[in-house]
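Residues per chain are reported as follows:
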Amino acid sequence: MMKTTASVRPTAATRAAAAPAAACGGTRGGPGLFREGSAIYIPGRLDPADTERIPPDEVCLSLHSLELAHLGVRRAAVHEQVESILGQKDRRGHAYCMWLALLTLLYTGDLPSAHEECRQLARDPRWLGSPQHQVMLTLLRARISLLAGDGVKAAGLLADALGQDMPESVSRLAAAWLIEAQILTGRLDDAHRTLLQQELAGRLAADMPDVVHVLAARGSLHMATGHFQHALDDFTACGRLLVTWNVANPAVIPWRSRAVFAALGTGRRDLAAALADDELTAARTWGSPRGIGLALHAVAVARGDGPAVALLEEAVDLLDLAHARGELIHALHDLATLHGERGDPAAGRGRLETAAAVARESRNGLWLDRIRASLDRQDVPLLTSQELRISRLARSGYSNREIAESLFLAVRTVEFHLSSVYRKLGISGRRELHSALGSVHSGQ
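Counting restarts for each chain: residues are numbered from 1 in the order of the written sequence. Reporting in this predicted model follows two pLDDT cut-offs: at least 70 for local features of residues, and 80 or more for side-chain atom pairs to be given and counted; totals over whole chains, interfaces and linings ignore these cut-offs and use all residues. Side-chain descriptors were evaluated using all non-hydrogen atoms of the structure, hydrogens and water having been removed beforehand.

- Per an unreviewed UniProt entry, the protein is named LuxR C-terminal-related transcriptional regulator, and its organism is Streptomyces kunmingensis.

This is the structure in structure tokens:
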């Protein structure tokens, strides 16, 4: 995949691209929560002519909930406020208010309620007769499917929508989510093709609509194809923009959790640990099971120490509770890896089989292929103790010279042992060690 870079300086146009909060007027603290000229990042942009027909108080209440969600505070209060908004039948005809409310509901982690709301909107005459309403409903349904790990359904919805002259105001968001859905299905070539067709493979301007979601999706594609430095660049560029927009909540985009794995892939262990710790702090402040589960997974992998198994076990439970099947599969796979490394291959195989079952149910082609490969490697010859030590250090990002110095060996000896490891595991190099070591234990 080609090298990509991103511009991350927010401009005046970037601020203007966020839906206008100035319509609320007033000062912070009450119904008129927003200062004149202030702006909040909102995925997708609505035609300003449509927002003018919405009573300002209704916009303010929705924006207030979204801003609190962005800050990652008062999750229970935000959920209660969103339910109040959704309970007002006269507001259900306003695509803008419903878009804000349902995005916020998704940030709280309440996928079942969001799904039910979309089901009701699909039968509402006010939504049936409006192309704009239908576009937003399609995006919401696709996002719910994506968060639930059903990339096949999400990709189908988004590909159809993009193929029907979707408004430019939301096309970048749809493309970003389509790329993530295609990655989940294992269709990496399709994801790359979408990236190119939508002209998202080169430098991205910070004032491009929904650039943060594009960066997150592109980073995920780089990760899936083993381009760890490019992935790290995109995730951190995404994070810098979110910080300038006062978005601290990993429920919006879990860029730190994703960047942890990219940092490890580049051998930057200290950066991975710092990102993981920050993510866990933010996730616990917000309190959604999905966010905490993702953060615990990142912390466990970044540390790799004694408590890592317990952290991953907790992450698995939380991700299962949150219906986050895509992330659940990944956590189960890494938990299997840890069990194998610590001399319990039976527990590791059990976790892999559970991950395979979830991947089949959610039609996750990306992880199903990887898990099958890991299960197939259960019968490979055991690694010697020296091979296992060297391969673990290599997987953690140590160079051959650093491994040699750590173990008091010659560099050529390290190279010899790594060649033996690659041959035994049937892999081509270091990039595959993360998945290959899950079921391997020492023969000495």
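**Let's talk about the overall build of the protein**
In step 1: Here a strand is any run of E in DSSP of at least two residues, a helix any run of H or I of at least four, and the numbering for each starts at the N terminus. If you tally the helices and strands in the protein, you get 24 helices and zero strands.
In step 2: In the protein, of all internal contacts separated by at least 6 residues, the share reaching a separation of at least 24 is 66%. Here, residues are in contact when the closest pair of their heavy atoms is within 4.5 Å.

**A short note on helix 19 (residues 345–361)**
In step 1: Under the 1.5 Å per step criterion, the end-to-end length of helix 19 is 24 Å for 17 residues, consistent within 8% with the ideal 24 Å.
In step 2: Accessibility here uses a 1.4 Å probe with only protein chains present; expressed as a share of the type maximum, an area under 20% marks a residue as buried, one over 50% as exposed, and anything in between as partly exposed. Gly-348, Leu-352, Ala-355, Ala-356, Val-358 and Ala-359 are the residues of helix 19 that are buried. Looking straight down helix 19, one finds that the buried residues subtend no more than 165° of arc, so they occupy a single side. Away from the buried face of helix 19 by more than 90 degrees, exposed residues Ala-346 and Glu-361 are located. To estimate the expected span of a helix, subtract one from its residue number and multiply by 1.5 Å. Picture the helix axis, draw a direction to every C-beta atom, and the arc is the one those directions span.

**Observations regarding helix 10 (residues 168–185)**
In step 1: The end-to-end C-alpha distance of helix 10, which contains 18 residues, comes to 26 Å, matching closely the 26 Å that a straight helix rising 1.5 Å per residue would cover.
In step 2: With 16 of 18 residues buried, helix 10 is to be regarded as a mostly interior element.
In step 3: Positive backbone phi, approximately 85°, marks Gly-186, located one or two places after helix 10.

**What about the pattern of salt bridges?**
In step 1: A side-chain nitrogen of Lys or Arg and a carboxyl oxygen of Asp or Glu constitute a salt bridge if their distance falls within 4 Å. Tallying each qualifying case throughout the model produces 15 salt bridges.
In step 2: Here Asp-190 ties to Arg-187 by a salt bridge, and the two come within 2.7 Å at their closest N and O atoms.
In step 3: Note that Asp-234 is salt-bridged to Arg-218, the shortest N-O span being 2.8 Å. Of this pair, Asp-234 sits in helix 13 (residues 228–244) while Arg-218 is found in helix 12 (residues 211–224), placing the two residues 16 residues apart along the sequence.
In step 4: By relative accessible area, Arg-218 is classed as buried at 0%.

**Some thoughts on the packing of aromatic side chains**
In step 1: Stacked, tilted and edge-to-face pairs are distinguished by plane angle, under 30 degrees for stacked and over 60 for edge-to-face with tilted covering the rest, among Phe, Tyr and Trp rings (Trp via its six-membered ring) whose centres lie within 6.5 Å. Summed over all chains, the structure comprises one aromatic pair.
In step 2: On the numbers, 5.0 Å between centres and 25° between planes, the contact of Tyr-41 with Trp-245 is stacked. With Tyr-41 in the loop between helix 1 (12–17) and helix 2 (48–51) and Trp-245 in the loop between helix 13 and helix 14 (255–265), the pair connects residues that are 204 residues apart, well separated along the chain. Both residues of the pair, Tyr-41 and Trp-245, count as buried.
In step 3: Charge-over-ring placement is defined geometrically: NZ (Lys) or CZ (Arg) within 6 Å of the ring centre, and within 35 degrees of the ring normal. Above the ring of Tyr-398, the side-chain terminus of Arg-269 is found at 4.0 Å from the ring centroid.
In step 4: Seen from the ring of Trp-367, Arg-370 lies directly overhead, with NZ or CZ sitting 4.9 Å from the centre.

**A few points about the packing of helix 15 (residues 269–286) against helix 16 (residues 289–303)**
In step 1: Throughout, an axis means a line fitted to C-alpha atoms (over the contacting stretch in the case of helices), and angles, computed between N-to-C directions, take values from 0 to 180 degrees. Where helix 15 contacts helix 16, the two axes come as close as 8 Å, and the packing angle between them is 155°. Relative to helix 16, helix 15 is oriented roughly antiparallel. Here the hand of the crossing between helix 15 and helix 16 comes out left-handed. Contacts between helix 15 and helix 16 involve Ala-272, Ala-273, Ala-276, Asp-277, Glu-279, Leu-280, Ala-283 and Arg-284 from the former and Gly-291, Ile-292, Ala-295, Leu-296, Ala-298, Val-299, Ala-302 and Arg-303 from the latter.
In step 2: For this scheme, ten residues count as nonpolar: Ala, Val, Leu, Ile, Met, Phe, Trp, Tyr, Cys and Pro. Four count as charged, namely Asp, Glu, Lys and Arg, and the remainder, Gly too, count as polar. Of the residues contributing to the contact of helix 15 with helix 16, the split by class is eleven nonpolar, one polar and four charged. Angles below 35 degrees are treated as roughly parallel, those above 145 as roughly antiparallel, those between 65 and 115 as roughly perpendicular, and all remaining angles as oblique. Note on convention: the crossing is left-handed when the near helix lies turned anticlockwise from the far helix by less than a right angle, right-handed when the turn is clockwise.

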